[in-house]
Amino acid sequence: ILSTRWTLLLLRELLEGSTQFNEIARGVPTMSRSMLAQRLKDLAQAGLLTRESAGRGKPTHYRLTEAGAHLGPIVRGMAEWGQAWIDTTPSLEDVDTDFLMWDIRRNLTLPSDLPPRFVLHFHFPDGPEGKTNHWLVVEGTEVDVCYIDPGHEIDVSLEAGLQDFTRIWMGWLALDEARQSGRLHVDGPPRFTRDIRAWLGLSSVASIPKQPTDLLVLSRAQ
């Protein structure tokens, strides 16, 4: 069940709280929608998730069963092992901006004293064509990822090379070090930019220290 392609990444999305088809799809952006539908069906048949519909015209929700939820430590453990022992090079060679922004979206821990609409602008000058700019629009408890300028006034802007920002997000480059060295530029009111480390958050495995290893070399030799 777990060894089929995409399944562990799909489980990760469900464990992170995504329940609707489009939400799950945004967390695995390079997975075809037909494959996603098939994998959800497979997991349901295996007893790992349920499919709940509130009626015609209402969104369908996919929720992990008790057995599915108990896979959490396994999925988490594999992520932590990879963070500790696998060379960072493969993760930086072809960064997926859609997934990066989706992960940033769900890890925000913004302060409570925000204006009714709070807009974050992310600029990756070396990002792929059409993906150099992204916006997170926060309204109440809702956070939307926009790939086209929503036309709102920007509260905080962040600019960095795509690989550098990935290093920051994964905990491989300290945020303060990136700002001091000019690899990350942050612009906005001091009351927000001063404590950026507190509200931006990082990847859920960013705190796992990297270990010296030659696992990547061995895998390539094989």
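Residues numbered from 1 in each chain as written. Predicted model: local features only at pLDDT ≥ 70, side-chain atom pairs only at ≥ 80, totals over all residues. Heavy atoms only, no water.

Asker: Can you explain the packing of helix α1 (residues 7-15) against helix α5 (residues 72-85)? Please cite residues and give values.
Answerer: Each packed pair of helices is defined by two parameters, the angle between the axes and the distance between the axes. Direction vectors running N to C along α1 and α5 enclose 115°, while the axes themselves pass 10 Å from each other. On the basis of their axis angle, the class for α1 and α5 is roughly perpendicular. At the point where α1 passes α5, the crossing takes the left-handed sense. Note on element contacts: α5 touches α1 through G72, V75 and M78, opposite L8, L11, R12 and L15. Of the residues belonging to the contact of α1 with α5, the class tally is five nonpolar, one polar and one charged. (Axes fitted to C-alpha atoms, helices over the stretch in contact; angles between N-to-C directions. Helix = DSSP H or I, 4+ residues; strand = E, 2+ residues; numbered from the N terminus. Parallel < 35°, antiparallel > 145°, perpendicular 65-115°, else oblique. Left-handed = near helix turned anticlockwise from the far one by under 90°. Contact = heavy atoms within 4.5 Å. Nonpolar A, V, L, I, M, F, W, Y, C, P; charged D, E, K, R; others polar.)

Asker: Outline the pairing of strand β6 (residues 156-160), listing residues and values.
Answerer: Burial of the side chains of β6 is restricted to one face: V156, L158 and A160 are buried, whereas none of S157 and E159 on the reverse face is. One ladder, built from four bridges, connects strand β3 (residues 117-123) with β6; its direction is parallel. By the bridge assignment for β6, H121 is matched with S157. Two elements, β6 and strand β7 (residues 184-187), share four bridges in a ladder whose sense is antiparallel. Paired with A160 across the strands is L184, a residue of β7. (Buried < 20%, exposed > 50% of the residue type's maximum accessible area, 1.4 Å probe, protein only. Pairing = 2+ DSSP bridges.)

Asker: Give a description of the pattern of salt bridges that names residues and reports values.
Answerer: Counting across every chain of the model gives 13 salt bridges. Its salt-bridge partner being R117, residue E139 comes within 3.4 Å of it at the nearest N-O pair. Note that E139 is positioned in strand β4 (residues 133-139) and R117 in strand β3, a separation of 22 residues in sequence. Overlapping salt bridges bring together R12, E13, D103 and R106 as one network. (Salt bridge = Lys/Arg side-chain N within 4 Å of Asp/Glu carboxyl O.)

Asker: So what about unusual backbone geometry? Which residues, and what values?
Answerer: Even without glycine at this site, W6 takes up a positive phi of about 80°. Structurally, W6 is set in the segment before α1. Judged by its relative accessible area of 14%, W6 is buried.

Asker: Lay out the sheet that holds β6 in plain terms, naming residues and giving numbers.
Answerer: Taken in spatial order, the five strands make up an open sheet running β5-β4-β3-β6-β7, and their pairing is mixed. The open sheet is flanked by β5 (142-146) and β7, the only strands paired with a single partner. Shown here is a sheet whose adjacent strand axes are inclined to one another by a mean of 15°, direction ignored. The strands touched by helix α7 (residues 97-107) are β3, β4 and β5; relative to β4, the strand with the most contacts, the crossing angle is about 25°. Packed onto the sheet, helix α8 (residues 162-170) meets β3, β6 and β7 and runs at close to 110° relative to β6.

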